Amino acid sequence: SNSSFDPTSAFVRDFVYMLEQGLYVFANVDTTVKSSDSDVDIKIQKNQNSFEGGFKLGIFSYTNEERGAFLISPVAAGSNEMDAASSKPVVLPLDTLKPVLLTGAQGLVFEVDGITDSTEEEKLNVIRVEIVLSDESDRNILFNGLNACLPIILSCEK
């Protein structure tokens, strides 16, 4: 028998490959600024990306650049009407990602803490992304796959 076959590593490889290709999701992004000099969290609509203020079709994907991150990229439907800011993907670095939560029947919530805005060093951005998949089984496949693979992905990226 071939004892070198490891279903876990094959599963992780396939899962990561699927995420690198990207999945169509509906995404909504909230960015909150935590200022270091007060306890007040300010919810901001900076229009830094096209997913603020309501669910829009996007692509959820994984990149192994920058120590690993999930990306929510706009679907360039009418790419001529998108300016540079709104066409930038939302980046969720894995090293500050909180545990993924379930929401509703077919949604997931990703939250990253404390991303420093390069322009304003004293502020920390909390980015909360809710994605909705086409149905509950797709959501469960993604959720279970993430829970199984994230620890392995994170240990490989370091």
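Because the structure is a prediction, the values reported are computed rather than measured. (Residues numbered from 1 in each chain as written. Predicted model: local features only at pLDDT ≥ 70, side-chain atom pairs only at ≥ 80, totals over all residues. Heavy atoms only, no water.)

Engineer: What's the story with the pairing of strand β4 (residues 69-74) in this structure? I'm lost.
Structural biologist: Successive residues of a regular strand alternate their side chains across the two faces of the sheet. With 6 of 6 residues buried, β4 is to be regarded as a mostly interior element. Here β4 shows a buried face lined by Ala69, Leu71 and Ser73 and a second buried face lined by Phe70, Ile72 and Pro74. The pairing of strand β3 (residues 56-63) with β4 spans 6 bridges and is classified as antiparallel. Note on β4: the bridge partner recorded for Tyr62 is Phe70. Between the end of β3 and the start of β4, which pair antiparallel, lie 5 residues, with Glu66 showing a positive phi angle near 55°. Pairing between β4 and strand β5 (residues 90-93): 4 bridges, direction antiparallel. Across the sheet, Ile72 pairs through a bridge with Val90, a residue of β5. (Buried < 20%, exposed > 50% of the residue type's maximum accessible area, 1.4 Å probe, protein only. Helix = DSSP H or I, 4+ residues; strand = E, 2+ residues; numbered from the N terminus. Pairing = 2+ DSSP bridges.)

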